[in-house]
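Next come the chains, spelled out residue by residue.
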Amino acid sequence: MIIFVGVALAGCSTPALESRLDEYEDRAEEIHAGMLEHVPGNGAFEVRMTSQPQFGEPEVLGGRERDIAFWATWSTVEVATDATPAEAADAAGTYLLDQRWTAEPTVDQGGTMPFITVYRLAEPDGEWIVQISWPAADDDRRISLSVQSPPTVRGTTSRPG
């Protein structure tokens, strides 16, 4: 009887979940760089992409509590004078659509960058989300780009120190 209980417990154990943050970091930066290549930018303005993990509330995964994490990138780009911010946002969005992303309708959310279009890419491990926002006035020459990976577990990553 004791042997049976030991076997039953071993069968119920869940394998350790591994964080995919390293993989998601690389992919998020690749997606972001691809968008930047298609934005008619001002050569005098250096684009700085911020790229870092984000951590969410603990959730129950596989019967155990795990901290959820995802990778996010974002940047603000000054658009070249021969294109409007809306045209630059459209150029980045067209690149995503060519890569099989889907677009949600553009919304006016108010604020300094009122127009925003959200793009999504569903993959087996989760959904990638991109947001592209731009101002209403063409005298503000900026657009904002952000990428968010699917969720993964927080934990140690496989990259060395």
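We now turn to the structure provided with this report. (Residues numbered from 1 in each chain as written. Predicted model: local features only at pLDDT ≥ 70, side-chain atom pairs only at ≥ 80, totals over all residues. Heavy atoms only, no water.)

Focus: the environment of glycine 111
Here is step 1 of the chain: Relative to the helices and strands, glycine 111 is located in the loop between strand E4 (107-108) and strand E5 (115-123).
Here is step 2 of the chain: C-alpha of glycine 111 to C-alpha of alanine 136: the two residues are 25 residues apart in sequence and 9.5 Å apart in space. (Helix = DSSP H or I, 4+ residues; strand = E, 2+ residues; numbered from the N terminus.)

A closer look at the side chain of serine 133
Here is step 1 of the chain: As for its placement among the helices and strands, serine 133 is situated in strand E6 (residues 126-134).
Here is step 2 of the chain: Beyond its immediate chain neighbours, meaning those up to four positions away, serine 133 contacts Met113, Phe115, Ile116, Ile143 and Ser144. (Contact = heavy atoms within 4.5 Å.)

Digging into the packing of helix H2 (residues 21-38) against helix H3 (residues 85-98)
Here is step 1 of the chain: The geometry of H2 relative to H3 is characterised by a closest axis approach of 8 Å and an angle of 130° between their N-to-C directions. Regarding the angle of H2 to H3, the classification is oblique. The handedness of the crossing between H2 and H3 is right-handed. Touching Ile31, Gly34, Met35 and His38 of H2 are Ala91, Ala92, Tyr95 and Leu96, all from H3.
Here is step 2 of the chain: Class assignment for the residues of the contact of H2 with H3 results in six nonpolar, two polar and no charged. (Axes fitted to C-alpha atoms, helices over the stretch in contact; angles between N-to-C directions. Parallel < 35°, antiparallel > 145°, perpendicular 65-115°, else oblique. Left-handed = near helix turned anticlockwise from the far one by under 90°. Nonpolar A, V, L, I, M, F, W, Y, C, P; charged D, E, K, R; others polar.)

Notes on the environment of aspartate 140
Here is step 1 of the chain: In this structure, aspartate 140 sits in the loop between E6 and strand E7 (142-148).
Here is step 2 of the chain: Put simply, aspartate 140 and methionine 113 are 27 residues apart on the chain and 9.4 Å apart in space, counted from C-alpha to C-alpha.
Here is step 3 of the chain: Ignoring sequence-local partners within four residues, the contact set of aspartate 140 consists of Pro85, Thr112 and Pro135.

Some details on H2
Every α-helical turn comprises 3.6 residues, leaving residues that sit three or four positions apart pointing alike.
Here is step 1 of the chain: If you check H2, its first and last C-alpha atoms are 26 Å apart, about what 18 residues at 1.5 Å a residue would give, namely 26 Å.
Here is step 2 of the chain: Taken as a whole, H2 has its buried residues at Leu21, Asp22, Tyr24, Glu25, Ala28, Ile31, His32, Gly34 and Met35. (Expected span 1.5 Å × (residues − 1). Buried < 20%, exposed > 50% of the residue type's maximum accessible area, 1.4 Å probe, protein only.)

Some details on unusual backbone geometry
Here is step 1 of the chain: One non-glycine residue, arginine 100, lies in positive phi territory at about 75°.
Here is step 2 of the chain: The exposure class of arginine 100 is exposed, given its relative accessible area of 72%.

Quick look at the packing of aromatic side chains
Here is step 1 of the chain: Taken as a whole and judged by the stated rule, the model has two aromatic pairs.
Here is step 2 of the chain: Between tyrosine 24 and tryptophan 128 the ring centres are 5.5 Å apart and the planes differ by 80°, which places this aromatic pair in the edge-to-face class. Here tyrosine 24, found in helix H2, pairs with tryptophan 128, found in strand E6; they are 104 residues apart in sequence, far enough to count as distant.
Here is step 3 of the chain: Relative to tryptophan 134, the ring of phenylalanine 115 lies with its centre 5.9 Å away and its plane at 25°, an arrangement referred to as stacked. Pair noted here: phenylalanine 115 is in strand E5 and tryptophan 134 is in strand E6, with a separation of 19 residues, a long-range link.
Here is step 4 of the chain: Directly above the ring of tryptophan 128 sits arginine 27, whose terminal nitrogen or CZ lies 5.3 Å from the centroid. (Phe/Tyr/Trp six-rings, centres within 6.5 Å; stacked < 30°, edge-to-face > 60°. Lys NZ or Arg CZ within 6 Å of the ring centre and 35° of its normal.)

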